[in-house]
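# Examination of the molecular architecture
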Amino acid sequence: MMSTTRRDFLSHVPAAAGLMLAGCRQEEAPPAARADLTLRIGNLLVDISKDHTISTIGYNGSVPGPLIRLKEGAPVLVDLFNDTESSELVHWHAQVIPADVDGAEEEKSLAVPAHGHLRYRLTPAPSGARFVHTHVMPMSDLARGTYTGQFAFVYIEPKSNPGRYDQEFFLATHEWEPFYTTAEEEEEEPAPAPRKKKDETPNGWEIGYQRFTINGKCLGHGEPLRVKEGQRVLFHLLNASATENIKLALPGHRFQVVALDGNPVPHPSLVDVIELGTAERVDAIVEMTNPGIWILGTPKDDDRKNGMGIVVEYANKTGAPRWIAPPKTPWDYTLFGESRAVPNPDETIQLAFGKVNGGTGGFNRWTINGKSYDPNDTPRLLHKGRRYRLVFDNQTDDAHPVHLHRNSFELTSVWGKPTAGVMKDVVLVKGYRKIEADVTPAMDGLTLFHCHQQLHMDYGFKLLFNVA
């Protein structure tokens, strides 16, 4: 991924009270003050492999968009330009910022009009690996929303960074050329038996893909990751898919996971395989002690052959890249947590996830506590400063990467196993499983909870809170 220096994006600008907007079209004179960060949304062509070009929408002329480095707590002036024919929403995923600049229609955030411009200030927080992406609901249109190339890493540098590593790579996965299919994706780990009779109506549409990339390139196309023996390399991994949960491995090496969703974990642990639900991020250090030419990629052979991988090349080594299937070890959030007790919540909120099969040629409908999202419903009230325990009860056979906007939550129970200290903003709740997480809202305003699987979100899997 292309890197941009802090000088490119940051300058010392005073914080402004309120929001500054500019409704000018792009051809009008630019504002007098120079923005610290500019995102231009536009159509582009991406060469993802030899003789294969994708037409999509992206940020600043590349996929992924350029790496955005910000400084924790330092306000930035943001310019958004939309060169497309449709209104867009730019979501600052996992940042604790006001709802009007968060970039979600449900929160009444500001949209960037077609061929329009939007300007505002935001204060980046918290530190760590975040990202920015479109929050448009494409529904049945597979050429909009997160099916496009509208995503980019946002790294918010902490006020102090004691990390010890020799170099770092930012790697974002994405799939291309989506199509509708009747095939259902099966989970690799066995799930508990369903707790209720399964819907006998045939399953509705699912999404398949023809091409897979890391940083916009299929395996074997583009530059390898060049390392040296003895280095400690920090990998920042992002699943920027619209719908796919993935696994990644680097044969002959192990990952020491040091942060989840940009938040340092209390107990860094070694794993052979990293699992990432849609929109999850993992930071992991790898000791480069096995010289050679290796493939960092997915254990799914077909997906890897169709592009989901990148070459890791040691200095002074040549030959064909090697892949060795990793051991099948379960991914468990509790590996990175503590066993201490957590405070009792002030209130527990049950969130049961349901599915109404769409039947042949139709779309499945998704529910929370038996109801699909209705924009006319009154948002559920949360009180700022109270500790809420959210019980994610997945009563379907699909895995759901659920996300809470403008907050992070602490995992307290995973599949019945207590844990503490693991802070996340997306958690992958597998079929017929239950995860509990505590959140203490710190900022007023509308806050969206949803499944980050685009098709699920489009067809009902959303709930709106209002913090006051």
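Each remark here, short or long, concerns the structure printed above.
This section reports on the structure supplied with the text. Bear in mind the structure is a predicted one, so any value in this text is a computation, not a measurement.

## Focus on the overall build of the protein
- Helix and strand content of the protein: three helices and 33 strands.
- Expected size for 468 residues packed as a compact globule is a radius of gyration near 23 Å; at 21 Å, the protein falls within 12% of this value.
- Counting every position in the protein, which comprises 468 residues, the buried fraction comes to 57%.
- Within the protein, contacts between residues at least 6 apart in sequence are counted, and of these 79% link residues at least 24 apart.
- In the protein, the 49 positive side-chain charges and the 59 negative ones have mean positions that sit 4 Å from each other.

## A look at the sheet that holds strand β12 (residues 211-214)
- Overall, mixed pairing links the six strands, which are arranged β12-β9-β14-β19-β16-β17 in an open sheet. Both edges of this open sheet fall to β12 and β17 (263-271), since each of them pairs with a single strand only. Here the strands of the sheet are splayed against their neighbours by 25 degrees on average, with no regard to which way each runs.
- Pairing of strand β14 (residues 232-239) with strand β19 (residues 281-287) involves seven bridges; the strand directions are antiparallel. Among the inter-strand pairings, L238 is bridged to a residue of β19, identified as R281.

## Overview of the nonpolar core
- Counting 66 residues, the largest nonpolar core has F235, I274, F392 and F449 as its most contacted members.
- Apart from residues no more than four positions distant in its own chain, F449 is found in contact with L351, F353, I368, F392, V402, H403, L404, F461, K462, L463 and F465.
- In terms of nonpolar packing, the next biggest core, distinct from the first, is built from 22 residues, V78, L80, Y120 and A152 among them.

## Description of the pattern of salt bridges
- Under the criterion given, the structure shown has 29 salt bridges.
- Across the salt bridge formed by R130 and D425, the nearest N and O atoms sit 3.8 Å from each other. Here R130, found in strand β7 (residues 128-134), pairs with D425, found in the loop between β29 (423-424) and β30 (426-429); they are 295 residues apart in sequence, far enough to count as distant.
- A relative accessible area of 0% means that R130 is categorised as buried.
- The closest approach of N and O atoms between R232 and E287, which form a salt bridge, is 2.9 Å. You can see R232 sitting in strand β14 and its partner E287 sitting in strand β19, a full 55 residues away along the chain.

## Examining the pairing of strand β21 (residues 309-314)
- Burial analysis of β21 places five of its six residues in the buried class, the great majority of the element.
- In terms of strand pairing, strand β13 (residues 225-227) meets β21 through three bridges, oriented parallel. Paired with V227 across the bridge in β21 is Y314.
- In this structure, strand β20 (residues 293-297) lies alongside β21, joined through five bridges in antiparallel fashion. Within β21, the position partnered with W294 by the bridge is V312.

## Some details on the sheet that holds strand β2 (residues 52-59)
- One open sheet holds the four strands; their spatial order is β2-β1-β4-β6, and the pairing between them is mixed. Only two strands of the sheet have a single neighbouring strand rather than two, namely β2 and β6 (117-122). Taking the axes of each pair of neighbouring strands and ignoring which way they run, one obtains an average angle of 30 degrees across the sheet.
- Alignment of strand β4 (residues 76-82) against β6, held across six bridges, turns out to be antiparallel. In the sheet register, V76 faces β6, and the bridge partner there is L122.

Conventions and cut-offs
Residues numbered from 1 in each chain as written. Predicted model: local features only at pLDDT ≥ 70, side-chain atom pairs only at ≥ 80, totals over all residues. Heavy atoms only, no water. Helix = DSSP H or I, 4+ residues; strand = E, 2+ residues; numbered from the N terminus. Rg over C-alpha atoms; globule rule 2.2 N^0.38 Å. Buried < 20%, exposed > 50% of the residue type's maximum accessible area, 1.4 Å probe, protein only. Contact = heavy atoms within 4.5 Å. Lys, Arg positive; Asp, Glu negative; His and termini not counted. Charge placed at Lys NZ, Arg CZ, Asp CG, Glu CD. Pairing = 2+ DSSP bridges. Axes fitted to C-alpha atoms, helices over the stretch in contact; angles between N-to-C directions. Core = buried A, V, L, I, M, F, W, Y, C linked by side-chain atoms within 4.5 Å. Salt bridge = Lys/Arg side-chain N within 4 Å of Asp/Glu carboxyl O.

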